[in-house]
Amino acid sequence: MKGVVFTEFLEMVEDTFGYEMVDEIISNSDLESNGVYTSIGTYDHKEMFSLVSSLSKKTEIPVHTLLKKYAHHLGDFFHGNYNAFYARAANLFEFLESIENFIHVEVKKLYPDAELPTFETRKIDHDNIEMIYKSTRKMSDLAYGLIEKSSTHFKEPIEIKKENIEEDGSVVRFLISRVDG
Amino acid sequence: MDKIALLERRVEREKKARKQAEKILEEKAIELFHVNQELKNISEKKINQIQSKFENSQKRYQNVLSNLNLGLLEQDQEGYITKVNKVFCEMVDYTSEELVGNISSNILLPDDLTASDNKKLIDRNLEESKIYDIKVMRKDGTLIDLIVCGAPFYDDYGNMVGTLDVHYDVTKEKKLQQELKEAKEIAERAQQAEKQFLTNMSHEIKTPLNVIVGMSHLLNDTKLDAQQHEYLDILKSSADILFNLISEVLDFAKIDAGKISVVNEEFDIVQELNNIHKIFKIKLENKPVSLQTKIDEKIQHCVVGDKKLFNQVIVNLLGNASKFTEEGSIICTATIVHESETHIEINFKVKDSGIGIAEDKLETIFQNFEQANESISKNYGGTGLGLAICQSIVEAQNSTIKVQSAEGLGSTFQFNLVFEKSERKITEQDVFVEDSSVNLVAGSTILYVEDNPLNSLYLSRLLDKWNLRYEHAENGLIATEKIAHTKYDLILMDIQMPVMNGYQATKVIRTTENPNQKTPIAALTASTLGNNLDKAKDFGFSDFLAKPFQPPELKKLLLKYLKHDIADDSPETATVQNPKVKIQLDENQLKQVFGDDEEYKKEIITMFLETIDEQMSVLDNLIKTGIHDDIRKQAHKLKPNFSMVGFPELTDDFVILEKLAKSNDTIENIITHYSLITDKVDQLKPQLKSHI
């Protein structure tokens, strides 16, 4: 898993709970990296689960809530640092479609070792789009939060229906509908 | 304290993270450096490759250009030479320094050519590529022929700045072309001269030959013993062969020059075929070959066509058939293929049972000088021109001769001709006057104009023989003097004569006021070329007689133009039956002779049949020996027998035979008549047998 996911996660934890919390979850988790992350490095994704579960235990906030919260933070980070990907899409649906077909293609060019989830999209009509999330990491909640955040970036209010296709959460279907307003 | 420890851990983590990041970055930097290096190498290599490729191709084109021996010259808009290649320098024998900077037309074009080539040079400014040939002057002043391809070239802004000319030296080719042209002309002139020589010589040979043929006819009419007759026959047949050979050569020269002129006239095709039949009947007498001529009975009208050419083809085909058939039959047929109101198409076929032609030779037999094999020339003679001439003649009438043949199984030659139909009906029977004493009305006077003393002698003897009055003029001028004060009934005019030729003399006779302005004039000439007949008619001749002519031909001409008297009961008038005409037993005649005495009739007829073969064979032998008096006696002896057995017609035939022999007529005429008699005798025998 790319280092940026860890650095931004710890950033969010520090911003929200202070560096003590960062120090605490690092210390409580059995981490091969000893909690030393740089955004350009690559680390075992299991460390992320350890960190998130440690945080959940400590704060008593459910993991999925934490992941959604982190997704909102990450969404802002992406929007701030990789705005070009947002700017080339005319609207939210176009942007969502471009994740698999364009953004991930570009990411792969830079980081050939990156292990990315897949997002198959299928436009149902003008106001509805279907996204199938597939990943062995089973982090569809992170995806959920990122979709929500991009809706705010494009100022297009939406409603998201999430449905597990595989029970373990490795394949998940999102039905995203525009909401007039 | 906790705070400090926390900060220390944090700083420691940050430090480690920085080092980690620095390490990654350094690795990435090294990676980038290598990648960059690789890229640089690749592009350099590529550039080098492309460059060397370009250089190679340039070199190759330069090689090609120099190997092709193409001279290149670049010049600017004003015609100043800016660049030349080595090949061009070699072509014109200048160095590159001597050429560059000079105006191309000044240095390279000969003065007298500059003007004519200016046009080409101006054209070049029209900004399009041109190919033209040009004469260029080398340094030493000699001229070479070049083919030039000139094309404009442009600067970077697309403005035309000059031309690039590619030159190819064709001096050798031009020279060769010229030499070929001259050689061809020489060859053609030589061929023409050869042809002319052939024609002239043939012509020259024909005149004395005419005399030989004529004199042998006259000699035949004198008292000769059997051996002399035999020698004379050999002389005559040799002269005939020579005459035919020369005719063929002349025909060939004419045909080769594409000069066959089809001269249409009205003629009786049935009569022609019957006449030819008679000639060949005689020729084939000594061979066990039967000759049949079958003419479609539906042919009722005379036709309009070239009689002479038609005769020539049929005679030639029959001649070949009789030459190559040792036994069996020759059948000549004429069958209507199609007939309309105005035209008739007839198929002519000559079929023989002779030696035939091998399949692989069939294609070549119509070519000049081709005979089916070389031994034919040895065994049978001939020029090998006959069939080629026939084919050309038939082709001139828009048809083709076709041949079917197999070795040992005989040959069939056939062709179709389309004729215009004439109003005149064919004559059923032909009237021939065979005897010497034609009853030409006394007072008819002939003028013959002939310079050759031998020909004159021949003519005068014939005219004497026929009891005709005549006068002789030695050339055209003397003739024009004679015609001014004597009225003639016919003028026989030779063509080629000294002082004044036949054309000129005839023109004078026709155009000046004189008693003979409308007298028929017949041209006598050794030339057989068809256009001479046209020319003769243009000059006012009424008729035409080709030399050498035989007495009957001249007689025919005389009868055509002179008043003559053919008495009904004249024994001199012989009726030559159409070969197809059958004779019929005259029952009335038998009744007159025998009354009702059947016994006596039977006895006489039986005796007749028992003796007739022997008697006929006696006559046959006598005719072969050619002794006129003996023939006459035998004919006299036999003639009454036929009336006795009911064939008075044959008695008449024997009377004629007797007369012919008595008047020492030519043996040919006698044979012709005799062959008719034998035909009839053969027919009467079965009729008589069945009667008893």
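The structure under discussion appears in the preceding block.
Description of the structure in this document.

Basis of the calculations
Residues numbered from 1 in each chain as written. Chains lettered and ligands numbered in written order. Predicted model: local features only at pLDDT ≥ 70, side-chain atom pairs only at ≥ 80, totals over all residues. Heavy atoms only, no water. Helix = DSSP H or I, 4+ residues; strand = E, 2+ residues; numbered from the N terminus. Buried < 20%, exposed > 50% of the residue type's maximum accessible area, 1.4 Å probe, protein only. Contact = heavy atoms within 4.5 Å. Areas by Shrake-Rupley, 256 points an atom, 1.4 Å probe, with all protein chains shown as cover. Pairing = 2+ DSSP bridges. Axes fitted to C-alpha atoms, helices over the stretch in contact; angles between N-to-C directions. Right-handed = clockwise from strand over helix to strand, strands pointing away.

Tallying secondary structure elements over chain A gives 7 helices and 4 strands in all. Counting helices and strands in the order they occur from the N terminus, chain A gives α-α-α-α-α-α-β-β-α-β-β. For chain A, the proportion of its 181 residues judged to be buried stands at 48%. Across chain A, every contact between residues at least 6 apart in sequence was considered, and the portion connecting residues at least 24 apart equals 57%. A total of about 9,400 Å² of accessible surface is found on chain A, and carbon and sulfur atoms cover 49% of it.

All names here are of chain B. Spatially, S2-S1-S5-S4-S3 is the arrangement adopted by the 5 strands of the open sheet, whose pairing is antiparallel. Each having just a single partner strand, strand S2 (81-84) and strand S3 (130-137) make up the two edges of the open sheet. Across the sheet, the mean angle separating the axes of adjacent strands is 30° when strand polarity is ignored. Summarising the sheet, S3 and strand S4 (residues 143-154) pair through 8 bridges and their orientation is antiparallel.

It is worth spelling out the environment of Ile-627 of chain B at this point. Residues and elements named next belong to chain B. Looking at where Ile-627 falls in the secondary structure, it is placed in the loop between helix H18 (598-625) and helix H19 (628-644). Owing to a relative accessible area of 29%, Ile-627 belongs among the partly exposed residues under this scheme. Taking the C-alpha atoms as reference points, Ile-627 and Ala-226, separated by 401 residues in sequence, lie 6.4 Å from one another. Ignoring any residue separated from it by four or fewer positions in sequence, one finds Ile-627 in contact with Ala-226 and Leu-622.

Residues and elements named next belong to chain B. Taking burial as the measure, the 5 residues of strand S14 (residues 445-449) include 5 buried ones, the bulk of the element. Neither face of S14 is open: one carries Thr-445, Leu-447 and Val-449, the other Ile-446 and Tyr-448, and all of them are buried. Strand direction decides the pairing type here: S14 and strand S15 (residues 469-473), joined by 5 bridges, are parallel. Among the inter-strand pairings, Thr-445 is bridged to a residue of S15, identified as Arg-469. This β-α-β element, S14 to helix H12 (residues 453-465) to S15, shows right-handed connectivity. As judged from the 4 bridges shared by S14 and strand S16 (residues 490-494), these two strands associate in the parallel manner. Paired with Ile-446 across the strands is Leu-490, a residue of S16.

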